Amino acid sequence: MRIPTATDLSNAIDAAIRVRDRLASMDAGKVATRTVGGAVVLTASFLVVANPHTTPTPDPSAVVASRIAPVGTVQLGAPIMASAIE
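What counts, and where the lines are drawn
Residues numbered from 1 in each chain as written. Predicted model: local features only at pLDDT ≥ 70, side-chain atom pairs only at ≥ 80, totals over all residues. Heavy atoms only, no water. Helix = DSSP H or I, 4+ residues; strand = E, 2+ residues; numbered from the N terminus. Rg over C-alpha atoms; globule rule 2.2 N^0.38 Å. Buried < 20%, exposed > 50% of the residue type's maximum accessible area, 1.4 Å probe, protein only. Areas by Shrake-Rupley, 256 points an atom, 1.4 Å probe, with all protein chains shown as cover. Lys, Arg positive; Asp, Glu negative; His and termini not counted. Charge placed at Lys NZ, Arg CZ, Asp CG, Glu CD.

Caption draft 1: Representation of the overall build of the chain in the model. For the chain, the count of helices and strands is four helices and zero strands. When the helices and strands of the chain are placed in sequence order, the string is α-α-α-α. On C-alpha atoms alone, the chain measures out to a radius of gyration of 31 Å, which is more than a quarter above the 12 Å that the 2.2 N^0.38 rule sets for 86 residues. Oriented by its inertia axes, the alpha-carbon framework of the chain measures out at about 75 × 55 × 25 Å. Looking at the chain as a whole, 0% of its 86 residues are labelled buried. As displayed, the chain has an accessible area near 8300 Å², and 67% of this comes from carbon and sulfur atoms. For the chain, the distance from the average site of its 7 positive side-chain charges to the average site of its 6 negative ones is 13 Å.

Here it is as structure tokens:
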């Protein structure tokens with residue numbers, strides 16, 4: 001692992017200052033409008049592409065049978081004696 005140098009720390013501080021200045025200069029109303037507009041566009045495109053209101057096609061009976069088939073069996077052994085535990 002490399003220890004950060006003074007130059008690395010200076011670059012990180014400069015980047016943080018630039019981000020802070022950019023955030024301070026943003027208009028909150030404009031950012032909120034763009035965010036809501038983007039959410040509307042993404043939702044509308046999902047509804048057009050995915051078409052969630054279509055009726056699903058039923059699975060063939062072989063697929064249903066394979067999904068509900070038992071996976072295995074469980075066998076119980078003899079009970080453990082109290083003297084064996086001690």
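Picking up where we left off.
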